[in-house]
Amino acid sequence: MREISQFISIIIPAYNEERRIKRTIYTIIQYLNLHKIPAEIIVVNDGSNDNTAQILKQLSKEYQNLKCIHLPQNRGKGFAIKEGVLASKGQFILFSDADLSTPIQEMDKLIPHLKDGYHIAIGSRRLPESNIKN
């Protein structure tokens, strides 16, 4: 992986993710620390009615680069992503699902294209050339 010196914003929409959000945040933080990537993580709690908000509140005390946005009611994934992007400060913005169905390490494949001047890079697990490991 090429060195990443630009600040990255990682946006995670979350709706009723109490069972996996802590593991997701830990995984991302561990990856960022290991590779010394300057980043902020923005989790948008999209009106969850479980303990997602409480877990995020606790995690934000542990990690200063974790920012939480709490929407009072569920507005949908697209709206949550938009709110996260609007709050972001990074030169690059990465969106990821709360289940990390695409591992955070896949960021290594996108960032070089952005650094080369592309305005957007999209990863897909559905393309014929995708390398999906179960």
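Residues numbered from 1 in each chain as written. Predicted model: local features only at pLDDT ≥ 70, side-chain atom pairs only at ≥ 80, totals over all residues. Heavy atoms only, no water.

A.B. asks: Before we go on, may I ask you to explain unusual backbone geometry in this structure?
C.D. replies: The phi angle of most residues is negative, glycine excepted, and most peptide bonds adopt the trans form. Not every positive phi belongs to a glycine, and Asn16 is a case in point at roughly 50 degrees. In this fold, Asn16 is placed in the loop between β1 (8–14) and α1 (21–34). Even without glycine at this site, Leu100 takes up a positive phi of about 50 degrees. Tracing the backbone through its elements, the reader meets Leu100 in the loop between β4 (92–95) and α4 (107–115). (Helix = DSSP H or I, 4+ residues; strand = E, 2+ residues; numbered from the N terminus.)

A.B. asks: I keep staring at the sheet that holds strand β3 (residues 66–71) and nothing clicks. Help me out?
C.D. replies: What holds strands together in a sheet is hydrogen bonding between their backbones, with the strands either parallel or antiparallel. Sheet architecture is open: four strands sit in the order β3-β2-β1-β4, paired in parallel fashion. In the strand order of this sheet, the two ends are held by β3 and β4, each with one partner. Direction aside, the axes of adjacent strands within the sheet are offset by 20 degrees on average. Pairing analysis gives four bridges linking β1 to β4, with the strands arranged parallel. From the neighbouring strand, Ser9 faces β4, where its bridge partner is Ile93. Packing of α4 onto the sheet brings it into contact with β1 and β4, and relative to β4 it is tilted by some 150 degrees. (Pairing = 2+ DSSP bridges. Axes fitted to C-alpha atoms, helices over the stretch in contact; angles between N-to-C directions. Contact = heavy atoms within 4.5 Å.)

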